[in-house]
Amino acid sequence: MKNNYSLAERNRIVEENLYRIKNTIRRNRALMKSARLDYDDVYQQLAIRLIRCVEGFDPEKGELGQHINAQLQYELLNCKDSRTLYGFTCAPRDLQGAVISLDACRELAAA
């Protein structure tokens, strides 16, 4: 059974748990640095995941806080995925180096 939160209740719960996004980012700072992820982009993706997480939470399956932390961690790991980084929707997960700069394209065309 899913929750029956009203829109106002959902928004209140999301606002009360925004600190969890910062905690998740702080715990994974090294990952963000090595994957060259932008803080604002990651924060925005995690905020969207938080909203969806609260909407889809089933109180019979456990605690909300644990559910939120697990979902935010999962979403952060998806942020470093090449499909997310470059916006390729049908690309394979292990796509590496598929994006090159326009300068490199010009150099290839000139050669």
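Here goes a summary of the coordinates provided. (Residues numbered from 1 in each chain as written. Predicted model: local features only at pLDDT ≥ 70, side-chain atom pairs only at ≥ 80, totals over all residues. Heavy atoms only, no water.)

1. Here we look at the packing of helix α2 (residues 19–27) against helix α4 (residues 39–55)
Okay, step 1: Two elements in contact, α2 and α4, have axes whose closest approach is 10 Å; the angle formed by their N-to-C orientations is 130°. Here α2 is positioned oblique relative to α4, judged by the angle of their axes. For α2 against α4, the interelement crossing comes out right-handed. Where α2 abuts α4, its residues Ile21, Lys22, Thr24 and Ile25 lie against Tyr39, Val42, Tyr43, Leu46, Ala47 and Leu50.
Okay, step 2: Here the contact of α2 with α4 is composed, by residue class, of eight nonpolar, one polar and one charged. (Axes fitted to C-alpha atoms, helices over the stretch in contact; angles between N-to-C directions. Helix = DSSP H or I, 4+ residues; strand = E, 2+ residues; numbered from the N terminus. Parallel < 35°, antiparallel > 145°, perpendicular 65-115°, else oblique. Left-handed = near helix turned anticlockwise from the far one by under 90°. Contact = heavy atoms within 4.5 Å. Nonpolar A, V, L, I, M, F, W, Y, C, P; charged D, E, K, R; others polar.)

2. Here we look at unusual backbone geometry
The phi angle of most residues is negative, glycine excepted, and most peptide bonds adopt the trans form.
Okay, step 1: Positive phi, close to 55°, is recorded for Arg36, a residue that is not glycine.
Okay, step 2: Following the sequence through the fold, Arg36 ends up in the loop between α3 (29–34) and α4.
Okay, step 3: On the accessibility criterion, Arg36 (76% relative accessible area) is exposed. (Buried < 20%, exposed > 50% of the residue type's maximum accessible area, 1.4 Å probe, protein only.)

3. Observations concerning the pattern of salt bridges
Between side chains of opposite charge, a pair can form when the charged atoms approach closely.
Okay, step 1: Considering all chains together, one arrives at four salt bridges under this definition.
Okay, step 2: One salt bridge in this structure joins Arg12 and Glu16, with 3.0 Å as the shortest N-O distance. Of this pair, Arg12 and Glu16 are both found in helix α1 (residues 7–16), four residues apart, which corresponds to roughly one turn of the helix.
Okay, step 3: Note on Arg12: relative accessible area 42%, which makes it partly exposed.
Okay, step 4: Salt-bridge contacts for Arg49 lead to Glu75; the nearest nitrogen and oxygen are separated by 2.7 Å. Of this pair, Arg49 sits in helix α4 while Glu75 sits in helix α5 (residues 64–79); the two residues are 26 residues apart in sequence, bridging distant segments of the chain.
Okay, step 5: Its relative accessible area of 12% is what places Glu75 among the buried residues. (Salt bridge = Lys/Arg side-chain N within 4 Å of Asp/Glu carboxyl O.)

4. Looking at the packing of α2 against α5
Okay, step 1: Their axes nearest at 10 Å, the elements α2 and α5 cross at an angle of 50°. One way to sum up the angle between α2 and α5 is to call them oblique. The handedness of the crossing between α2 and α5 comes out as right-handed. Across from Arg20, Ile21, Thr24 and Arg27 in α2, the residues of α5 making contact are Gly65, Ile68, Asn69, Leu72, Gln73 and Leu76.
Okay, step 2: The residue inventory of the contact of α2 with α5, partitioned by class, reads four nonpolar, four polar and two charged.

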